[in-house]
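Here's the letter readout for the chains.
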Amino acid sequence: MNPATINLINQPLLVMESASLRLGRHHFGPYTLTLHAGERVAVLGPSGAGKTTLLKLASRELHHSGGHISLLGRDIRHYSLREMSRRRAVLAQTTHVAFGMQTELVVSLGRAALEIDPHLTTIVHNAMQLAHAAHLAGRKMDQLSGGEQARIHLARIFAQLWDIEQGLVMMDEPLAALDPGLQGELLDSMQSYAEARGHALLAILHDINQALHAFDRLLLVNNGQLESQVKADLHALPALQSLYGIHLGSLMTPDGQAVVYRKKNAALTARPQAHSHLNS
Amino acid sequence: MQRMISAHQEGQEGQPALPSRRAHLQQWLGLGAIAFAGLLPRSVHAANQRLVCVGGALTEIVYALGASADLAGVDTTSLYPPAAQALPSVGYARTLSAEGILALAPSMLLATEDAGPPTVIRQIENAGIAVHVLAANHQFEGLLQRVQKVGELTGHVREATELQTRLRTEWQLVRTNVEAHSAASPRVLFILSHSMSQVMVAGQDTSADAMLRYAGARNAMQGFTGFKPLTPEAVIAAQPDIILLTDLGLKAAGSKAAILKLPGLAQTPAGRKQRIVSMETMLLLGFGPRLPLALKELDRSLQSAMQAG
Amino acid sequence: MRIPFRSTPSAHWGNKWHVTLLLATTLLALAIASSIGAVPISWRDWLPPLHGENTGNSYVLWELRLPRTLLALLAGGMLGVAGALAQGLFRNPLADPGLLGVNSGAACAAALTIVFADSLPWGLPAGLRPWLLPLAAFAGALLVCFTLDRVARWITPGSIAGLLLTGIALNAIAVAVLGLCTYLSTDEQLRSLSFWTLGSLAGAGWTIVGVALLMLLMAIWQVRRLARAMNALALGEAAAAHIGIEVATLRSRTILIVALLVGATVAWCGMISFISLIAPHLVRTLHGSDQRRVLPLSIFVGGLLLLIADTLARTLATPAEIPVGIFTALLGGPFFLMLLNQTRERIG
């Protein structure tokens, strides 16, 4: 670690201060949050709540009209796109690749902003392996299934911040297109990838259990507002209940993990599927 | 490009304005010819001339002068006499090919103003070929000048003079006939048509307008120049007594009845009396050596149409 | 274990071996095309003409055929790379400048100058005269490109159907303006108009070849720098921005190059369609869709295609010639339908 990096440790990675945006008749924000290096934060909320907009503001895909957003203490509006790309990576909900490009090429595009990149081949290879996509090398994107394409894009995100420390990885439902077994494995990959580099993870999720299990903090978004920020443990249940308007129950698995499930009514006890879900 | 073309058009005085060596020679000879007009026989190009002729009327003149042995190639409008159709075709006058023409090893290119594209004409000229663009001015006098010019260029001056004399005599005869009955000049609408969906009528400054005038008829369409698309209302307003077509146009339409179905035509005297006349395109509009014949035929057709109805 | 990559991501500017092969093919095609034609050429004519005595077959070879074959290669190359750029920009193999109306826009502007340049109230400087047509064609192409770009981004984002429909509309407008020009033109102007609405390389000369070569080299130099960013654009505008590509700059630069290339070819050779559609597609089929290969190889393939088409156009009906635009359209029409069939599920 060079001295400059050490110096950054105490500085928050991403700071949003009352960042807001008006899109037509919809008003988003003000969003206020602070994200430190190495933190794992999940964004939860019902569909259309403004989760993606929050992510787009933080990644500068959309420009905030009010408030302030800074990355490593510097206003994100003062970054060049190239500088930004070396600090944060973004995995969109869906990315359609034109022309049926080769998978390695797509992964290598994560590093397209670099003029000189001597270790590109190795990094692409390792990133694909980490994203469980090594076997897809040599294939063309338009021949892959949705889940396989998602893995290639995840590898692209990995490659982008592969040799960076304390970056920010933003993901919009990264696991949606994957089958449950792979979801768990890729979640593990993301965690080890972020942990090894001190990257912060900011991910939009739909699965409450994944959020509680693999993340430190939850951002609860509803009606274009950041309703609350809670620690990712069972104390978050009341907030989650009101966020989704459902009743939630919890139980412990034999190996000591908490599992949250939706109650049909208050009297109902845990369904056995909850166990199998977690163990699979 | 446009300026270039006009620079190469030869005026009615017959002064060539070509930059090539051959042209200078001609110019010099031309001046000499003017100085010794009629005294010296001018058969400069008599031997082994190879001629590419672009323009049906020019080809007709070449044949009429007995210079057809010199012809190495003609364009697609050179349909008369039928023998011309057996010659190598250099294609449509406006999309000529420099190399294609040069492949015929011509010594001279005779062309109407239609010939193009301009770059190709320039390329042929740069290859050392004498290029002569002869203006078509839709006048009998213009025909005489072109006969003279072609005669000089092909070394058939005597034949040209004979042809001019014959043309003058014939023309006089036909014109006298026309003027004899010019009191009743019919209003004629000329329709140029390659398919019934694309119908153009002749305004002023057209070959058709000139022919009608010579035939003692009036062009029913007044107030514009060139060929313009037909508007039914203008046709009704023009009240033509006779519809004049080319043979090809009539063939494309199918029958005279089909012509009369064109919007507006039925409401005209020509439509009501079914007065439709057609002639061969190159004969009617070419202003070649068959001009007196064309006028005679046009006059006869118009007269008989008027008498029939 | 290392997986052997079929194409390493660090591959630069095409594969050396392929480029050598293509270069050889191109030279061979050039030699063949230059030695066939209406006038038979012997080896003696290939000796460079001596001081001014340039007549006969040597003139045909050096002043007609060689400039023409070279222009066919260069113009084909320009169209090929313009097509690859446009397809990359609009992220679709059907986004051909011709189909989208760029060629018609250029032709339209050029026709307007032919018909109206003389009736301008202010006189044109004589030095500007020869450049008026190419400049107008460039302006026309640029206008269409910007319109398309607007449509692609705002009106029908991400839809090739919307883009192609816009192309139809722009083409229709251009055809109407061309028709109006024809209607208003004098006979003399009409001769100039009919020459290049059909598309022909007959106007080739060494000056045009020189300028075309310069333009193509300039385009290659620019495209080399754009190729990687063009690859990123295949992920979509947002993703490209996320990985650090200045998309706005890329778009405007690409549009400028496409307009310049298409404008120049239209001004010199008239409307030659479909080369820009076919060349990049052939390259992608053979070599994959890495723009660092597609862009340079499209130059070669486009050049070869137009050279073949023009050689056929000028030799099939000797001593007459068939407008080359007719050939490329005959070739390209069915090809487009085939492509449409291949991508039909992705349209709409």
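Predicted, not measured: the structure shown is a model, and the values here were computed from it.

Some thoughts on the overall build of chain B
- Counting secondary structure elements, chain B contains 14 helices and 11 strands.
- Taken over 309 residues, chain B has a buried fraction of 47%.
- Put simply, of all contacts in chain B between residues at least 6 apart along the chain, 62% involve residues at least 24 apart.

Thoughts on the overall build of chain A
- Scanning chain A from terminus to terminus reveals 10 helices and 12 strands.
- Taken over C-alpha atoms, the radius of gyration comes to 19 Å for chain A, in line with the 19 Å a tight globule of 280 residues would show.
- For chain A, the residues scored as buried account for 43% of the 280 residues in total.

Things to note about the nonpolar core
- Ranked by size, the top nonpolar core spans 291 residues in total, and within it Leu189(B) and Met78(C) carry the most contacts.
- Per-element accounting of this core gives the leading share, 18 residues, to helix α2 (residues 56-89) of chain C.
- Dropping the residues within four chain positions of it, Leu189(B) is found in contact with Val201(B), Ala220(B), Met221(B), Val235(B), Ala238(B), Pro240(B), Ile243(B), Leu244(B) and Ala270(B).

A short note on the interface of chain C and chain A
- Between chain C and chain A, the contact holds 30 residues from the first and 32 residues from the second.
- Elements represented by at least two residues in the side of chain C that touches chain A include exactly α7 (206-233) and α8 (237-242) of chain C.
- When the residues that make up the side of chain C that touches chain A are grouped by side-chain class, the tally is 13 nonpolar, 10 polar and 7 charged.

Comments concerning the interface of chain C and chain B
- Taken together, the contact between chain C and chain B spans 25 residues of the former and 27 residues of the latter.
- Elements with a minimum of two residues in the side of chain C that touches chain B: α2 and α6 (187-198) of chain C.
- No other element matches the 6 residues that α6(C) contributes to the side of chain C that touches chain B.
- Partitioned by chemical class, the residues of the side of chain C that touches chain B number 12 nonpolar, 7 polar and 6 charged.

Examining the domain arrangement of chain A
Residues and elements named next belong to chain A.
- Here the domain parsing of chain A yields domain 1 (3-234) and domain 2 (246-280).
- A separation of 29 Å is found between the C-alpha centroids of domain 1 and domain 2.
- Listed as interface residues are 7 residues of domain 1 and, on the opposing side, 6 residues of domain 2.
- Listing elements by their share of the side of domain 1 that touches domain 2, those giving two or more residues are α7 (180-197) and α8 (208-214).
- Considering each element in turn, the side of domain 1 that touches domain 2 owes the most residues, 4 residues, to α8.

Some words on the environment of Leu265(B)
Residue and element names in this part refer to chain B.
- By secondary structure assignment, the location of Leu265 is in the loop between α11 (256-260) and α12 (269-273).
- You can call Leu265 buried: it has 22 C-beta atoms within 10 Å.
- As a C-alpha pair, Leu265 and Ile236 span 29 residues in sequence and 6.8 Å in three-dimensional space.
- If we ignore the near neighbours within four places in the chain, the residues touching Leu265 are Val235, Ile243, Ile259, Leu260, Ala270 and Gly271.

Considering the confidence of the model for chain B
All names here are of chain B.
- Chain-level pLDDT for chain B is 82 on average; 83% of the residues reach the 70-or-more range.
- Low pLDDT, under 50, characterises residues 1-46; the stretch is placed with 49 contacts to residues that sit more than four places away or in other chains.
- As a predicted assembly, this complex carries a pTM of 0.82 together with an ipTM value of 0.87.

Regarding the pairing of strand β10 (residues 225-231) of chain A
- One ladder, built from 6 bridges, connects strand β9 (residues 217-222) of chain A with β10(A); its direction is antiparallel. Opposite Asn222(A), over in β10(A), you have Gln225(A) as the bridge partner.

Considering the sheet that holds strand β4 (residues 66-71) of chain A
Residue and element names in this part refer to chain A.
- Taken together, the 4 strands give an open sheet; going across it, the order is β2-β1-β4-β5, and neighbouring strands pair in antiparallel fashion. The sheet is open, and its two borders are formed by β2 (26-35) and β5 (74-75), each paired with just one other strand.
- Note that β4 and β5 share 2 bridges and pair antiparallel. Across the sheet, the residue bridging to Leu71 is Arg74, located in β5.
- Seen against the sheet, helix α2 (residues 51-58) touches β1 (14-23), β2 and β4 and runs at an angle of roughly 120 degrees to β1.

Some words on the packing of helix α4 (residues 129-155) of chain C against helix α9 (residues 247-269) of chain C
Residue and element names in this part refer to chain C.
- At a minimum axis separation of 7 Å, α4 and α9 run at an interaxial angle of 140 degrees. As summarised for this structure, α4 and α9 are arranged oblique, according to the angle between their axes. In this structure, α4 meets α9 at a crossing whose hand is right-handed. Contacts from Leu133, Pro134, Ala137, Phe138, Gly140, Ala141, Leu142, Cys145, Phe146 and Asp149 of α4 reach α9 at Arg251, Ile255, Val258, Ala259, Leu260, Val262, Gly263, Ala264, Val266 and Ala267.
- A per-class count over the contact of α4 with α9 returns 16 nonpolar, 2 polar and 2 charged.

Brief notes about helix α3 (residues 102-116) of chain C
- Along its 15 residues, α3(C) runs 21 Å from first to last C-alpha, staying within 8% of the 21 Å computed at 1.5 Å per residue.
- The buried count for α3(C) comes to 13 of 15 residues, which makes it a mostly enclosed element.

Details of the domain arrangement of chain B
Residue and element names in this part refer to chain B.
- Annotation of chain B at the domain level lists domain 1 (2-167) and domain 2 (185-308).
- With 17 residues of domain 1 in contact, the opposing surface of domain 2 contributes 10 residues.
- Among the secondary structure elements, those contributing two or more residues to the side of domain 1 that touches domain 2 are α3 (56-64), α6 (140-154) and α7 (157-180).
- The greatest single-element share of the side of domain 1 that touches domain 2, amounting to 5 residues, is contributed by α3.

Here's the deal with the packing of α3(B) against α6(B)
Residues and elements named next belong to chain B.
- Put simply, α3 and α6 touch, their axes get as near as 10 Å, and they point 60 degrees apart. Viewed along their axes, α3 and α6 adopt a mutual orientation that is oblique. You can see that α3 and α6 cross each other, and the crossing is right-handed. Of the residues in α6, those in contact with Leu58, Ile61 and Val62 of α3 are Arg146, Val147, Val150 and Thr154.
- Of the residues in the contact of α3 with α6, the class split is 5 nonpolar, 1 polar and 1 charged.

Overview of unusual backbone geometry
- Cis geometry marks the peptide bond from Tyr80(B) to Pro81(B), where omega comes out at -10 degrees.
- You can see Pro81(B) is positioned in the loop between β3 (71-74) and α4 (98-103).
- The step from Gly116(B) to Pro117(B) runs through a cis peptide bond, and the omega angle for that step is -5 degrees.
- Of note in this structure, Ser18(A) is not a glycine but carries a positive phi near 45 degrees.
- Assignment of secondary structure puts Ser18(A) in strand β1.
- Its identity is not glycine, yet His132(A) carries a phi of approximately 55 degrees, on the positive side.
- Mapped onto the elements of the fold, His132(A) is located in the loop between α5 (120-130) and α6 (146-160).
- Overall, the presence of 18 C-beta atoms within 10 Å leaves His132(A) in the partly exposed class.

Notes on the sheet that holds strand β7 (residues 168-172) of chain A
All names here are of chain A.
- Within the open sheet, the 6 strands sit side by side as β6-β7-β8-β3-β9-β10. Their pairing is mixed. The sheet is open, and its two edges are formed by β6 (88-91) and β10, each paired on a single side. Here the strands of the sheet are splayed against their neighbours by 15 degrees on average, with no regard to which way each runs.

Quick word on the environment of Gly210(C)
- Structurally, Gly210(C) is set in helix α7.
- Between the alpha carbons of Gly210(C) and Trp46(C) there is a distance of 20 Å; along the sequence they are 164 residues apart.

Here is what the cut-offs are and how they apply
Residues numbered from 1 in each chain as written. Chains lettered and ligands numbered in written order. Predicted model: local features only at pLDDT ≥ 70, side-chain atom pairs only at ≥ 80, totals over all residues. Helix = DSSP H or I, 4+ residues; strand = E, 2+ residues; numbered from the N terminus. Buried ≥ 20, exposed ≤ 12 C-beta atoms within 10 Å, placed from the backbone. Contact = placed C-beta atoms within 7 Å. Rg over C-alpha atoms; globule rule 2.2 N^0.38 Å. Core = buried A, V, L, I, M, F, W, Y, C linked by C-beta atoms within 7 Å. Nonpolar A, V, L, I, M, F, W, Y, C, P; charged D, E, K, R; others polar. Domains from an automatic or database assignment. pLDDT = per-residue confidence, 0-100. Pairing = 2+ DSSP bridges. Axes fitted to C-alpha atoms, helices over the stretch in contact; angles between N-to-C directions. Parallel < 35°, antiparallel > 145°, perpendicular 65-115°, else oblique. Left-handed = near helix turned anticlockwise from the far one by under 90°. Expected span 1.5 Å × (residues − 1).

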